[in-house]
Each structure stands twice: as C-alpha cells, then as structure tokens.
Amino acid sequence: MQTQEQVVPIRTPESSFDDEVVTVIAKDGSTGPADPKLPVEQVVDFYEAMVRTRTIDVQLERLQRQGRIGFHIGSLGEEACILGSAAAMRPQDWIFPCYREFGALLYRGMPLQTYVDNMYGNADDPVKGRQMPDHYTGRAFRFGSVSSPIGTQMTQAVGFAWAAQKKGTDEVTSVYFGEGATSSAEFHTGMNFAGVMKAPVVFLCRNNRWAISVPSEKQTASKTFADKGVAYGVPAVRVDGNDVLATYKVVRECVERAARGEGPALVEMLTYRVGGHSTSDDPRAYRVQDEVEQWRRTDPVVRLRRHLETLGAWDDAREEELTKGTEAELKACIAAAEAKPKPALGTIFDGVFAERPWHLEEQAAELLNGPRAKDHH
Amino acid sequence: MPEMNLVQAVNDALRIAMREDDDVVVLGEDVGKVGGVFRVTQGLFDEFGEDRVIDTPLSEGGIIGTAIGMALYGMKPVPEIQFADFIFPAFDQIVSEAAKYRYRSGGEYTCPMVIRTPVGGGIRGGHYHSQSPESLFIHTAGLKVVCPSNPYDAKGLLTAAIKDPDPVLFFEPKRVYRAVKMDVPEGDLELPLGKAKVVREGEDVTVIAWGAMLFEALASAEEVEADGLSCEVLDLRTLWPVDIDTIASSVKKTGRVVIVHEAPKACGFGAELLSMVTEKCFVHLEAPPVRVTGFDTPFPYTLEMEYLPLQHRITPALRETVAYEP
C-alpha cells in the first residue's frame, strides 16, 4: 500500500546553501583556495577604504551626539562586505544603494567634502538639502539615489540593468539591501523580474542579522537567504561578508557572468551590524552585549590587517597616519560645511518638475515675499 | 482624415512615438502578443518585437519599479496598468519614487515615463474595474495627470506626455474607448499639456468635467438649453497642472460653476477646483459652487448608473445653480 506521502509528494524544502560559505582569509591571516590573488597594493587599497569608512563613521556618530548633524546611519562591522562588493564592480558598472553604503560612494570617488555637505544639507549639497543626512545621490560615480522605504531600489535596479543591456552596453548593476528587505514585496518582484528578464543585475544582501530590532531568524522560515534564489531561478551564493577578499571574489564572478549575458545573481553576505540601526536607535534595548562582543572578534578590519601583516604590507605607523589623516580631512570638511549657507529659499520649488508650473510659481512668490524671507539671502 | 476611436488613437500615438524614438518601450500585463485586454497595444508587438513591447510578470509594483529603472537609465517607458483599480500595488513606486527622483537627486536622475491606465465606470465592472483615483496622484508632488475625453485629444496629449521630461499619469476613460469615433489626423499630432478646452461656450454657468463625464455634462447643457439656459462646458484634459486661467476666466464670466467627476466627493479633485475657484473668483461668484460626483462609497456594481454623476444628476444641479438667489 502506498502511503499518503507518496501519493501527494509534499516536500519540506532542503537548503542547498547550509554549510556553503565562501571564505578566503583564515584566522591566522593566511588565505585559502578562493583567494582572488590581487596585487598587494590593491588589498592595501581595500584596507585603507575600510579603515577610512570606519573612521568617518565613528566621527559622524560623535557629531550627531553633539547635535551638529541630525542623523547618521553607519556601517560599523560591515565594511568588508560593502567595500569588497563595491570594489568588485568595474568602472562601467552601477550601484543602487540601500542607505548604509556611504563607504562605497566614497570609494567610487565622491569627494569627502561633497558627502559632508550632503550630511549638512547646505547650499553645496548636490541634492540641495532636500533629504536627510546619508540620503545621497551620485550619478557621476555611477551610484544611485537613496530612498528610505525598504526594498524600493530592487525593481528599479532590474529595469536599469535591463535598459543598459538593451542599449548595447556590458554594464552591470548591483543593488544593496539588508536581509530584512528580503521580506518586502520589492525583493520578490525584483528577483522574479530579474530572473524572467535575464537582467544583468547582482543582488547584494547584507545579512547583518538585525533589521532595527528584529533578528534575521524572524524574517524568514528559509534556512538561508540565499535559498530564496532557487524559487526565482536566480543563481545564489553565500559569502563570508566579513572577509573582504572572499566578498570581492564572489561578487566579481557574479558581475562577470552578468556582463557575459548569463543573467542575475543573489549574493548573501554574512556580516553583523555592530552599531545601532542608526543614531536614532539604541540596540541595548533588544540584544545582549555578549553577542556584539562575539562578533567583534570576527571584525573585518582586524582580520584584513592580520592578512596584510603576514604580507608585511602594513604596520602601526601606517595605521596611525591613515586614521589621523582621515580625521584631519574630515574635520576640515566639517568646518567648511558648517560655514556654508543653507540652500536658497526658492530652491524648495525647483526640481519638482523640469519647469515650475503656475501653482509652484504662486507658492514660491508667497514664500519669497513672506515673513521669513529676510532671514535668507 | 481617418476616423478613430480612443483605443485606435492611443495605439496610433504609441506606434508613432515608437517609430520616432527607439527608447520608447511599452510594458505591462498582456500588452504584448494579445495587445492588451482592451487591445490598445494591438499590433505593436508584431512591429517592434518583444524587447520593446514587453509582457511582464503579473505585478504592478514590478511593472512600475522596472519602468522607473529604465527611465533612470535614459529610456522612455510607457507602462500600462491594466485597470486604474490595480494601480495600488505600485503606489509607493509612483508617489515616493517616480514622482520624487528629480527632486531628491538634485536633478541627477529624472524619471520621464507615462503610466497609461483605463479609468472610470459605467462598463459593469464593479468596484475593481471602475474607480477614478486621479486625486491621489494630483495630491502627489511631482506627477502630471492627464485624462482625455476623446480620440483626438488622446492622441495629441499622449504624444506630448511621452515627450514630457516628467512622469505622467495618463488616464484613459474606458467607457469612451469604443463609444466615440471622430476624425483624427494621421502622423504627428501633439497637444500641449496643461491646457483645458472650452468645448461649448455659454453665459449662465460653467461646467467643469473631463473623461467620460464630459459627454454627460454636454448632454445636460443641451437639455437645459431648451429652457433658455446657456452653459459653458470646459474639458480639463490635463488635470494637473490644471489650466487655472481658462477656468478662472470662464467662471468670472458666468459667476456660477458646477464641477462633475466620477470619483467620490470627499477630497475628490472637485474639492480642489472648488477651492481654487473660490480663491480666484470670489467676488464674481453669484451662487455657491456645486459638485456633482460619485458618492463616498465603494464603487457599486448593480447600481452603478445611480452612483455615477450622469446627466440625470447634472441637469438639476445646473438648473438650481442658475436659479440660485442669495
């Protein structure tokens, strides 16, 4: 006699990704078989970008605590997965950010002064003070525009990547998001459209274990986030996101296969959000300090430094020079940003449309002739 | 000059735009091989191929999200939402993304696209195939909203919308789709956005309407003409930015205004029009402005002709407004 199970083959999905995490840098600083074997100067460049990102992060958090900027959303502990993946994008490729990737934007060449002007929303802010701090845009650096609602950038990245391909380029688009965003409609839709349209897009999931106060195990019943690729026919891979060389290697391969016309990929980058969600968040309310300390032991910066030391490519003197240099540069940028005026009053009405319609002209006149106009230049 | 209905006129505008500009692509549910459930995109798939007339997976959020990505890159997507009632899964992408890209990026990214969608009732479609959600998009900074009433305007306005540098919601009155035929010129026809049309001149009262309700307004205007009432009827054509000059000069002339729309009354576009008329024409008004609209209920199926602001409801409103004495 057949059992019920045989007649109706309901299956519990098995994870194909459970134990498969690409790692390169071992605890002792040596590298494994997936080592991309980059020139040592390039690895030093990664390290410098990571330390620079962290140094800026720490200073901006301090600045927020002093009440000099309104907000900061940082990447403490996630530097390797952000910089490693950004570095894996070729110059012609595009990045659609979530909101935790200022390190990638600076790595792509946005001047620190421009970023700081954006933090202050002053007259030199490229987006004219229209968005909160850390909601940057950088088209000149082939970098998208930050939106706060979760997941919105994913379907856009798919359409963007598809358009680039149809225009005959080999440009690949990557899109960042946290593991919490895999619960959003846009993730499912984006992955599905990417699979069907074979768009040259690389989905970069920063699995940092926390979506504000909700731990990653509450986001999904799947064993891993990479498993989600299976349902959409999107190839997926898990990588140690605290290992910059492994992240670079994995993302680079995904970029190259997308550029060859082999379609999208999903990369789950395993990392940890050491800081709060943002300066508005205090994680002590929902997670134990032990967990944080445990993750600090896998610190991506410490890990890469150990590797560089085995190569004889780094020492304390260089570290101090880099940290102090970044701090001094940032300090000068902050002083300059604070001395700059606010955006002109009338700019509120610019850029709603390509041209101002009558109702905005009317409202602009109201503001410009209003009681606060004299406080502005 | 060929005679066209509104379906054919929209199709013609799309075809011409796609022939002129390789960056114009059409995407949506069933828009490809079958040519759309209303056949508005019929034949485009055969002429332009599956890369420019794209049958997408079934997700409105995905259609608009990917269309935004295409627009950001430099293409001119014309996504179709099968019914305006289905637009809400894409609401966030439209109001927080497409509408805001130019502003939030300091002009580094722009989002020129035309979202086409059939709108309105009177076709026995029930709640989910009959709604008129225009005021939600008018309320959203960064969007233009167009609703033609006839084939000629549909072709000319869609052509302009596709050339426009900003995102445009293009509502097609589905009750008019095949009900009205008229001469529409072959080849290029472009009508400027933001211009209303005085479709009937009159002295006693101004009636403001658009889409399918324009014909109801005209029927009422004709009905009361027998009683010696002279109605001026405006077809807004572009709802936003609205042509305030044409509205104000008409109301200043007649001193009385009746606003007609299918959408519910509360916070419907009529509320904004009424406010504008009051602000701009207060001393010229001889009667309280009146709205004849859908009711503040979900759109009903069996009783849809009682819900809609049809001739039988517009005519008494015209008579009462003209007869009003303080």
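Conventions we followed
- Residues numbered from 1 in each chain as written.
- Chains lettered and ligands numbered in written order.
- Predicted model: local features only at pLDDT ≥ 70, side-chain atom pairs only at ≥ 80, totals over all residues.
- Heavy atoms only, no water.
- Helix = DSSP H or I, 4+ residues; strand = E, 2+ residues; numbered from the N terminus.
- Rg over C-alpha atoms; globule rule 2.2 N^0.38 Å.
- Buried < 20%, exposed > 50% of the residue type's maximum accessible area, 1.4 Å probe, protein only.
- Lys, Arg positive; Asp, Glu negative; His and termini not counted.
- Charge placed at Lys NZ, Arg CZ, Asp CG, Glu CD.
- Contact = heavy atoms within 4.5 Å.
- Buried area = accessible area lost by both parts, 1.4 Å probe.
- Salt bridge = Lys/Arg side-chain N within 4 Å of Asp/Glu carboxyl O.
- Polar contact = N/O pair within 3.5 Å; in protein donor to acceptor, adjacent residues only side chain to side chain.
- Nonpolar A, V, L, I, M, F, W, Y, C, P; charged D, E, K, R; others polar.
- Phe/Tyr/Trp six-rings, centres within 6.5 Å; stacked < 30°, edge-to-face > 60°.
- Lys NZ or Arg CZ within 6 Å of the ring centre and 35° of its normal.
- Pairing = 2+ DSSP bridges.
- Right-handed = clockwise from strand over helix to strand, strands pointing away.
- Core = buried A, V, L, I, M, F, W, Y, C linked by side-chain atoms within 4.5 Å.

Student: Help me out: how do you make sense of the overall build of chain B in this one?
Tutor: Of the regular secondary structure elements, chain B holds 12 helices and 14 strands. Relative to the 2.2 N^0.38 estimate, which gives 20 Å for 326 residues, the radius of gyration of chain B is 19 Å and therefore close to what a compact globule would have. For chain B, the spread of C-alpha atoms along the principal axes amounts to about 60 × 45 × 40 Å. A burial count over chain B gives 64% of its 326 residues as buried. For chain B, the distance from the average site of its 30 positive side-chain charges to the average site of its 49 negative ones is 0 Å.

Student: Help me out: how do you make sense of the interface of chain A and chain B in this one?
Tutor: Interface size is often expressed as the accessible area that is lost when the parts come together. Taken together, the 46 residues of chain A in the interface contact 41 residues of chain B. Across the chain A/chain B interface, buried area totals approximately 3700 Å², and carbon plus sulfur atoms make up 62% of it. With its nearest N and O atoms 2.9 Å apart, the salt bridge here joins D23 of chain B to K167 of chain A. Linking chain A with chain B are 21 residue pairs in polar contact (both at pLDDT 80 or more), by the criterion used here. Going through the elements one at a time, β1 (94–96), β2 (137–138), β3 (143–145), α6 (152–166), α7 (185–197) and α13 (358–368) of chain A are the ones with two or more residues in the side of chain A that touches chain B. Ranked by the residues each element gives to the side of chain A that touches chain B, the list is headed by α6 of chain A, at 10 residues. Tallied by class, the residues present in the side of chain A that touches chain B amount to 21 nonpolar, 16 polar and 9 charged.

Student: In this structure, what is going on with the packing of aromatic side chains? I would like to understand it.
Tutor: Ring pairs (aromatic) are described by centroid distance and by the angle formed between their planes. Summed over the entire model, instances satisfying the criterion amount to 24 aromatic pairs over all chains. Ring centres of Y272 of chain A and W295 of chain A lie 5.0 Å apart, and the angle between their planes is 5°; on these two criteria the pair is classed as stacked. One end of the pair, Y272 of chain A, is in the loop between β9 (265–270) and α10 (289–296); the other, W295 of chain A, is in helix α10, and 23 residues separate them in sequence. Relative to Y307 of chain B, the ring of F295 of chain B has its centre 6.1 Å away and its plane inclined at 80°; by these criteria the two rings are edge-to-face. You can see F295 of chain B sitting in the loop between β14 (290–294) and α11 (304–307) and its partner Y307 of chain B sitting in helix α11, a full 12 residues away along the chain. Take F295 of chain B: its relative accessible area is 39%, and that puts it in the partly exposed class. Exposure remark for Y307 of chain B: the relative accessible area of 4% places this residue in the buried category. Through pairs of rings, three or more aromatic residues link up here, namely W94, F96 and F160 of chain A together with Y73 of chain B. The ring of Y103 of chain B carries R130 of chain A above its face, with NZ or CZ at 4.1 Å from the centroid. Across from the ring centre of Y101 of chain B, 4.0 Å away, lies the NZ or CZ of R104 of chain B, which sits over that ring.

Student: Would you take a moment to explain the pairing of strand β5 (residues 201–207) of chain A for this structure?
Tutor: On any regular strand, side chains alternate: one points to one face of the sheet, the next to the other face. All names here are of chain A. With 7 of 7 residues buried, β5 lies mostly within the body of the structure. Burial along β5 is two-sided: V201, F203, C205 and N207 and V202, L204 and R206, pointing in opposite directions, are all buried. For strand β4 (residues 173–178) and β5, the ladder comprises 6 bridges, and the chain directions are parallel. Across the sheet, F177 pairs through a bridge with C205, a residue of β5. For the handedness criterion, the β-α-β arrangement of β4, α7 and β5 is classed as right-handed. Relative to β9, β5 runs parallel, the two sharing 6 bridges. Looking at the pairing, R206 lines up with M269 of β9.

Student: It is not clear to me how the nonpolar core should be interpreted in this structure. Could you clarify?
Tutor: As a rule of thumb, nonpolar side chains are buried together in soluble globular proteins. With 78 residues, the main nonpolar core has F203 of chain A together with L236 of chain B as its most contacted residues. Discounting chain neighbours no more than four positions away, the residues touching F203 of chain A are M154, V158, V175, F177, G190, M191, A194, P264, A265, L266 and V267 of chain A. Membership of the second largest hydrophobic core comes to 67 residues, among which are I69, F71, I82 and V251 of chain A.

Student: What should I look at first to understand the environment of G43 of chain B in this one?
Tutor: With respect to the helices and strands, G43 of chain B occurs in the loop between β2 (24–28) and α2 (44–48). For the pair G43 of chain B and K33 of chain B, spaced 10 residues apart in sequence, the C-alpha to C-alpha distance is 8.0 Å.

Student: Quick question: what am I supposed to make of the pattern of salt bridges here?
Tutor: Side-chain pairs of opposite charge can arise whenever the charged atoms involved come near each other. Across all of its chains, the model carries 49 salt bridges over all chains by this definition. Where R356 of chain A meets E361 of chain A, a salt bridge forms, and the shortest distance between an N and an O atom there is 3.4 Å. Under the relative-accessibility criterion, R356 of chain A is labelled partly exposed at 28%. The partner of R237 of chain B in a salt bridge is D153 of chain B, with the nearest N and O atoms 3.2 Å apart.

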